[in-house]
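Descriptive analysis of the structure
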Number of protein chains: 2
Amino acid sequence: MNKRTILIIEDNLEIREGTAEILELTGGYNVLTAENGKIGVDLAIKNLPDIILCDIMMPELDGYGVLYMLSKHESTMHIPFIFLTAKSERVDMRKAMEMGADDYLVKPFDDIELLNSIESRLRKRDSLQSTLEKSHTLSLSEDDQNVLLHELVNEARVKIYKKKQLIYEEGDTPIYVYYLLSGKVRSFLYYQDGRELSTYIHTKDEFFGYESILLNERYTESASALEDAEIALIPKENFFELMFNKPAIATKFIKLLSGDIKEKEEQMLGFAYDSVRKRVANTLVQVAQKTISAPDEDEVVIRISRDDLAALAGTANETISRMLADFKDEKLIIKEGNAIRIFSVQKLKNIKQ
Amino acid sequence: MNKRTILIIEDNLEIREGTAEILELTGGYNVLTAENGKIGVDLAIKNLPDIILCDIMMPELDGYGVLYMLSKHESTMHIPFIFLTAKSERVDMRKAMEMGADDYLVKPFDDIELLNSIESRLRKRDSLQSTLEKSHTLSLSEDDQNVLLHELVNEARVKIYKKKQLIYEEGDTPIYVYYLLSGKVRSFLYYQDGRELSTYIHTKDEFFGYESILLNERYTESASALEDAEIALIPKENFFELMFNKPAIATKFIKLLSGDIKEKEEQMLGFAYDSVRKRVANTLVQVAQKTISAPDEDEVVIRISRDDLAALAGTANETISRMLADFKDEKLIIKEGNAIRIFSVQKLKNIKQ
DNA sequence: CGCATCATTGAGCTCTTTCAAACCGGGTGG
DNA sequence: CCACCCGGTTTGAAAGAGCTCAATGATGCG
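Residues numbered from 1 in each chain as written. Chains lettered and ligands numbered in written order. Predicted model: local features only at pLDDT ≥ 70, side-chain atom pairs only at ≥ 80, totals over all residues. Heavy atoms only, no water.

This brings us to the protein's contact with DNA strand C. If you check the shell around DNA strand C, you find 15 residues, and the closest are Val276(A), Thr315(A), Thr319(A), Arg322(A) and Ser321(B). In DNA strand C, atoms within 4 Å of the protein come from the sugar-phosphate backbone in 55% of cases. Val276(A) has a polar backbone atom sitting 2.5 Å from a phosphate oxygen of DNA strand C. Among the elements of the structure, helix H12 (317–329) of chain A together with helix H12 (317–329) of chain B are those that each provide at least two residues to the surface near DNA strand C. Per element, the largest residue contribution to the surface near DNA strand C is four residues, and it comes from H12(B). (Near = heavy atom within 4 Å. Polar contact = N/O pair within 3.5 Å; in protein donor to acceptor, adjacent residues only side chain to side chain. Helix = DSSP H or I, 4+ residues; strand = E, 2+ residues; numbered from the N terminus.)

Right, here's the structure in full:
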């Protein structure tokens, strides 16, 4: 740690120099001295010492005046302030403390008394500063973050949405952030002619619908349940409160957003250059991965309509039918009633053009 | 503001009740009382009062003990602590202050003395809390944010990139955040076969390349200069420091990211359903808007190669040529050497299918 | 002036969409 | 119980959008 700086404001030369010497030699502090209140205030404002020792009776500006001046200043108001004075009357001490002094040492005092007093005030200030800061840094552990977010979710109202039910629509004003407890939800955009393009499938334990909240704008996309879903509705205010007071949570969302951007760019690349065949394959993979529990499952059964697949792949549902027929011929999938069994997600993923 | 809560720890029933009454009636505080140190400590931890008044000589646990116990506890260590005691000896007072007491009132005391002492300590604590919090909230004004960001940019090294020069490439480990001072830069992805898809054109006064930094991952996209560009290279560490210490800055980037997501979704919709004609038109509009200074300019001259346009529109450069020829026939644009004059950005924007 | 790069144009081909018709399974009402 | 209807699905055929390949033109730089 840096050497602490102490400002001594004292008109008596002897005491001033004597005290300064003690503090420098015994305490190992940096010492600034001022011979009257006015100079003291100036020095304090300019140098922002870690602690201030001040006499009461002085020419120019007395100790109370110094304390008053410094307590007006944003930057000096929180510097521990100790009076060193010959005034041993109770009223004097009370006045000093009521004005906000942190300690009151009656002269003559021991070196030890002075050093202890200083140490005590510095310790107090340090610990306060550090705990206040702690609550405001990203030092929250992954677990703590999750606890906070879980609280948020647990306090929230839970609503059940039926398959196909709209959760929010383009143009709506956001009032909630959503957290998916079970089921699947898709976010989608409308094209001018009414066709839909699904941009994302949300699944268990994911937040969604936060972009517009964060921008403080209306929704530019819509969301609906892809299958029956349980969704926690987190009031915007609660979300913001946590977000702004816990940088760790903000950081978490920053990462979420950054990750989302990458995913969307990847998707964009697909829309630009992939053949429809490939896009359909990727869509199946995407749905499969949102369905499985373990990340290494390779055979998956998914239940999804051609229309939903079409909206995801950005193609016509007839095309989906054709592609599925092709994949079936190639023994990549098989249709089981209204479900599709994917034999190998990996193989589907590695389809070339 | 809520009613403040005061905890009185005092074994003498009369004094305890008397003091409590004064504080409740005259001071308007909530008062909790404890008849010995042990109970006092428990109450303090459980109720977290705003201030604690404590006798020194008590059965079970004396005042020093109480102060010691509470100063061990994260949650109670910063509660202002005032001793109320008959011990008027200097050594007693020194001991109390050295242990971290905030004030020391010798019995018998006036009501006024007590109330003033309490008010003074509460005031002190409030102001410290509020200023410390201020530096950690999003209350930074738009201007202050910009000042901070400008400092960041001004401190950074500036590098000149020539047209076509690569700034970073997929797979590189990010070490800078980039801020464009002049010129244009494009971010792009490589498709498997080597074709490129530009995802964004960055222009004057924009940050770029921050997504990967924020994710703490390697770049998943590349960036190159679309024309000669002056770029400030902001070291990752400086960026993070600002980001984590100033929630306002984090908030700014959260908005940036959220906005980016919306833009990318919009783009995706275009790639999925727009005709190439429309995509080319949009691309021209995009480039034009990144070129103009005033947002209402309608006639714009842009200089950009067919290949760059193709990468932006996600199409073949031959197609770009054909589309430009069409637009020229339709008197929407005219070719001037290697530049393109757009007669009306609006008209181009409104092209149907 | 010549080379290299960039831009344009043409022709054929493929992929995808669109429109239309048929199909399938299940629920409903007669 | 059966015909019917409805939504979702499949299949067919034709049209067209956009790509590739290839040749030709234009431009600018050394």
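With that settled, consider the sheet that holds strand E6 (residues 157–161) of chain A. Residue and element names in this part refer to chain A. One open sheet holds the four strands; their spatial order is E6-E13-E8-E11, and the pairing between them is antiparallel. Strands at the two margins of the open sheet, each flanked by one partner only, are E6 and strand E11 (207–208). Of the pairings in the sheet, the one linking E6 to strand E13 (residues 229–235) comprises five bridges and is antiparallel in character. Looking at E13, one finds that Arg 157 is bridged to Leu 233. With respect to the sheet, helix H8 (residues 236–245) is in contact with strand E8 (176–182) and E13, its orientation differing from that of E13 by roughly 65 degrees. (Pairing = 2+ DSSP bridges. Contact = heavy atoms within 4.5 Å. Axes fitted to C-alpha atoms, helices over the stretch in contact; angles between N-to-C directions.)

Moving on: the pattern of salt bridges. All names here are of chain B. Considering all chains together, one arrives at 40 salt bridges over all chains under this definition. When the shortest N-O distance is used, the salt bridge between Lys 107 and Asp 55 registers 3.5 Å. Separated by 52 residues along the polypeptide, Lys 107 in the loop between strand E5 (103–106) and helix H5 (111–134) and Asp 55 in the loop between strand E3 (51–54) and helix H3 (63–72) bring together distant segments of the chain. Each member of the pair, Lys 107 as well as Asp 55, carries the same accessibility label: buried. As a salt-bridge pair, Lys 184 and Glu 227 come within 3.3 Å of each other at their nearest N and O atoms. One end of the pair, Lys 184, is in strand E9 (residues 184–190); the other, Glu 227, is in the loop between strand E12 (222–225) and strand E13 (229–235), and 43 residues separate them in sequence. For Lys 184, a relative accessible area of 9% corresponds to the buried category. (Salt bridge = Lys/Arg side-chain N within 4 Å of Asp/Glu carboxyl O. Buried < 20%, exposed > 50% of the residue type's maximum accessible area, 1.4 Å probe, protein only.)

We now examine the domain arrangement of chain A. Annotation of chain A at the domain level lists domain 1 (5–134), domain 2 (142–266) and domain 3 (274–349). A straight line from the C-alpha centre of domain 1 of chain A to that of domain 3 of chain A covers 75 Å. (Domains from an automatic or database assignment.)

Opposite the 76 residues of chain B that make contact, chain A presents 77 residues. For the chain B face of the interface with chain A, the top three residues by lost area are Lys262(B), Met268(B) and Tyr273(B), together amounting to 12%. Summed over the shared surface of chain B and chain A, the number is 10 salt bridges. A salt bridge links Glu113(B) to Arg90(A), with the nearest nitrogen and oxygen atoms 2.7 Å apart. The tally of links from chain B across to chain A stands at 34 residue pairs in polar contact (both at pLDDT 80 or more). In terms of residue count, the dominant contributor to the side of chain B that touches chain A is helix H9 (residues 247–273) of chain B (19 residues). (Buried area = accessible area lost by both parts, 1.4 Å probe.)

Attention now moves to the protein's contact with DNA strand D. Neighbouring DNA strand D are 15 residues; Ser321(A), Val276(B), Thr315(B), Thr319(B) and Arg322(B) lie closest to it. For DNA strand D, the fraction of protein-proximal atoms (within 4 Å) that sit in sugar or phosphate groups is 64%. A distance of 2.9 Å separates a phosphate oxygen of DNA strand D from a polar side-chain atom of Thr315(B). Mapped by element, the contributors of at least two residues to the surface near DNA strand D are H12 of chain A together with H12 of chain B. Ranked by residues supplied to the surface near DNA strand D, first place goes to H12(A) with four residues. Residue classes in the surface near DNA strand D are distributed as three nonpolar, five polar and seven charged. (Nonpolar A, V, L, I, M, F, W, Y, C, P; charged D, E, K, R; others polar.)

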